[in-house]
Amino acid sequence: MRKEHYLLKVLTPLHIGAGQGLGHVDLPIVREAHTNFPYIPGTSLKGALRNWEINQVARVRGEKPSQLEEKLTDKDKFDPEDRDIVRLAKIFGTAGEVAEHNKEALEKGKEVGAGKVLFSDAFIVLFPVKSAKGIFSLTTCPYVINRFFELLGIDQRVEDVPEGKVKVLSTNGHKNLINDKNKYKLLLEEFVFEAEESEELKKFVELVGTFVGEEKKQRIVCVNDTDFTDFVSNYTEVRTHIKINLDTGTVEKEKGALWTEEYVPAESVFAFSLVFLEEEISFTPPPTFHLGGDITTGKGFVKVQKLEV
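Analysis parameters
- All residue numbers refer to positions counted from 1 along the written sequence of the respective chain.
- Confidence filtering applies because this is a predicted model: local features only for residues at pLDDT of at least 70, side-chain atom pairs given and counted only at 80 or more, and all residues used for totals across whole chains, interfaces and linings.
- The basis for every side-chain value is the complete set of non-hydrogen atoms in the structure, without hydrogens or water.
- Burial here depends on accessible area, computed with a 1.4 Å probe over protein chains only, as a share of the maximum for the residue type. Under 20% is buried, over 50% is exposed, and the range in between is partly exposed.
- Every helix listed is a DSSP run of H or I at least four residues long, and every strand listed is a run of E at least two residues long, numbered separately from the N terminus.
- When DSSP finds at least two bridges between two strands, those strands are taken to pair.
- Here a residue-residue contact requires only that any non-hydrogen atoms of the pair lie within 4.5 Å.
- In this context, the arc is that of the directions from the helix axis out to the C-beta atoms.
- Any pair of nitrogen or oxygen atoms within 3.5 Å is treated as a polar contact; in protein, a donor-acceptor pairing is required on top of that, and neighbouring residues in sequence qualify only through side-chain atoms on both sides.
- Stacked, tilted and edge-to-face pairs are distinguished by plane angle, under 30 degrees for stacked and over 60 for edge-to-face with tilted covering the rest, among Phe, Tyr and Trp rings (Trp via its six-membered ring) whose centres lie within 6.5 Å.
- Here, over-ring charges are defined by two tests on the NZ atom of lysine or the CZ atom of arginine: distance to the ring centre within 6 Å, and angle to the ring normal within 35 degrees.
- In this analysis the probe radius is 1.4 Å and the grid spacing 1 Å, with only protein atoms considered; a cavity is a set of points the probe fits into but cannot get out of, a pocket is an open set with protein on both sides within 12 Å along at least five of seven lines, and lining residues have an atom within 4 Å of a point.
- Grid points are joined across faces, edges and corners, and a volume is the space filled by probe spheres set on the points.
- Amino acids outside the nonpolar list (Ala, Val, Leu, Ile, Met, Phe, Trp, Tyr, Cys, Pro) and the charged list (Asp, Glu, Lys, Arg) are all regarded as polar, and Gly is one of them.
- Put simply, a patch holds well-exposed residues, over 30% relative accessible area, that have no salt bridge, with like charges counted together within 9 Å and Val, Leu, Ile, Met, Phe, Trp or Tyr side chains within 5 Å.
- Each accessible area is a Shrake-Rupley estimate made with a 1.4 Å probe; only the visible protein chains count as cover when residues are assessed.
- We count a salt bridge whenever a side-chain nitrogen from Lys or Arg sits within 4 Å of a carboxyl oxygen from Asp or Glu.
- Lines are fitted to the C-alpha atoms to define the axes, a helix being fitted only along its stretch in contact, and any angle between axes, read from their N-to-C directions, falls within 0 to 180 degrees.
- Roughly parallel means an angle under 35 degrees; roughly antiparallel means over 145; roughly perpendicular covers 65 to 115; every other angle is labelled oblique.
- For a crossing to be left-handed, the near helix must be turned anticlockwise from the far one by less than a right angle; the clockwise case is right-handed.

Considering the pairing of strand β4 (residues 122-130)
- Among the 9 residues in β4, 8 count as buried, and that is most of the element.
- Taken together, the 2 bridges between strand β2 (residues 39-40) and β4 define a ladder with antiparallel strand orientation. What sits directly across from Tyr39, in β4, is Phe123.
- Note that β4 and strand β13 (residues 269-276) share 3 bridges and pair antiparallel. Across the sheet, Ile124 pairs through a bridge with Phe270, a residue of β13.
- Of the pairings in the sheet, the one linking β4 to strand β5 (residues 136-140) comprises 4 bridges and is antiparallel in character.

Put into structure tokens, the structure is as follows:
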């Protein structure tokens, strides 16, 4: 068994829905119950990557994606000798009917049944917040950094940030800091923080800096856990949608075609893991792919990169 870790960046606003909302947002995003942080369910990652992989294989074979889907889910069409189908089955698993129908294949080579690659949930690592200087900051907090280190097996921790303070790796060349009489301040939304340099952030900035790039690395700031919770809870992107009547060209008032939808903003960064139950399985997520809903309006495009620890 081996484990691989990845960082995922949101390129365009991302909506992975939690169903109908009870608050002021009709279609909210999914959030962790214990933190209220936005996250990406492992099932969403697996489904999106499975769809991408099926489309790639179908294109090479000159088949329709639906034909491959049938071979993975229909017990009468599943062929244990088809290498492409077996590979997809090993990575993503097959339907129960197929597994039951191919017990002999399951016992011999474990080609069917549950997938041999496990997809973890992706948790938030960096969240963009509007800044008075430098457009936006990439915020994080001690809880998130320590969670990130724990995921990677790094024996290091970041101490709490005092209220009204913010930690940065270096004040020199930082994109968002304001020099006020030799005291560096940071204005995020309507909040003012006093910046302090901290060597504790060095390892974290090194790990994520390669992924976000040298320029974005100069935007990383660490606020306290409470402030970060406030940012991810209240400063996501909420858009209002309407439905237009095709005949009149106006809003369909009688059907109440007005709703709001919540998105994780672009520039957000998440971390997730893949666990390979069999060493010989080879699978690498594509550099970019689509997650969540609203693909026809350009939403939900993300990029990923493997973390080398």
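Read on, since the account is not over.
A few points about the environment of Ile54
- Looking at the element boundaries, Ile54 is found in helix α1 (residues 42-61).
- We classify Ile54 as buried; its relative accessible area is 3%.
- Note: C-alpha distance between Ile54 and Asp84 (30 residues apart in sequence) is 9.5 Å.
- For Ile54, the contacting residues outside a window of four places in its chain are Pro65, Leu68, Glu69, Leu72 and Leu88.

Let's talk about helix α3 (residues 83-92)
- Summarising burial for α3: 7 of the 10 residues are buried, a large majority.
- Ile85, Val86, Leu88, Ala89, Lys90, Ile91 and Phe92 are the residues of α3 that are buried.
- Positive phi appears at Gly93, one or two residues downstream of α3, with a value of about 85°.

Observations regarding helix α9 (residues 225-234)
- What α9 keeps buried is the set Asp227, Phe228, Phe231 and Val232. Within α9, the buried residues cover an arc of 130° as seen down the axis, which keeps them to one side. What points out from α9, more than 90 degrees from its buried face, is the exposed set Thr226 and Asn234.
- The elements touched by buried residues of α9 are β4, β5, α6 (142-152), β8 (183-188) and β9 (191-197).
- The N-terminus of α9 is capped by Asn224, whose side-chain oxygen sits 3.1 Å from the backbone nitrogen of Thr226.

A word on the packing of aromatic side chains
- This structure, assessed with the given rule, holds 10 aromatic pairs.
- Relative to Phe272, the ring of Tyr6 lies with its centre 5.4 Å away and its plane at 15°, an arrangement referred to as stacked. Of this pair, Tyr6 sits in strand β1 (residues 2-10) while Phe272 sits in strand β13, placing them 266 residues apart in sequence.
- Ring pairing ties together the aromatic residues Phe37, Tyr143 and Phe228, which thus form one cluster.
- Above the plane of the ring of Tyr263 lies Lys299, whose end atom (NZ or CZ) is 5.6 Å from the centre.
- Looking at Lys303, its charged tip hangs above the ring of Phe211, at a distance of 5.2 Å from the centre.

Some thoughts on empty space enclosed by the protein
- One pass over the full model with this rule turns up 1 cavity of 30 Å³ or more.
- The volume enclosed by the largest cavity comes to roughly 50 Å³.
- Around the largest cavity, the lining residues are Leu14, Ile16, Ile29, Val30, Tyr39, Ile40, Val264 and Phe270.
- Within the lining of the largest cavity, the residues separate by chemical class into 8 nonpolar, no polar and no charged.

Overview of a nonpolar patch on the surface
- A cluster of nonpolar side chains, namely Met1, Leu118 and Leu277, defines an oily patch on the protein surface of about 310 Å² accessible area.
- Locating Leu118 in the fold gives a position in strand β3 (residues 117-119).

Some points on the packing of helix α2 (residues 65-73) against α3
- For the pair α2 and α3, interaxial distance at closest approach is 10 Å and the crossing angle is 65°. When the axis of α2 is compared with that of α3, the two are roughly perpendicular. Taken as a pair, α2 and α3 cross one another with a handedness that is right-handed. Every residue of α3 that contacts α2 at Leu68, Lys71 and Leu72 is listed here: Ile85, Leu88 and Ala89.

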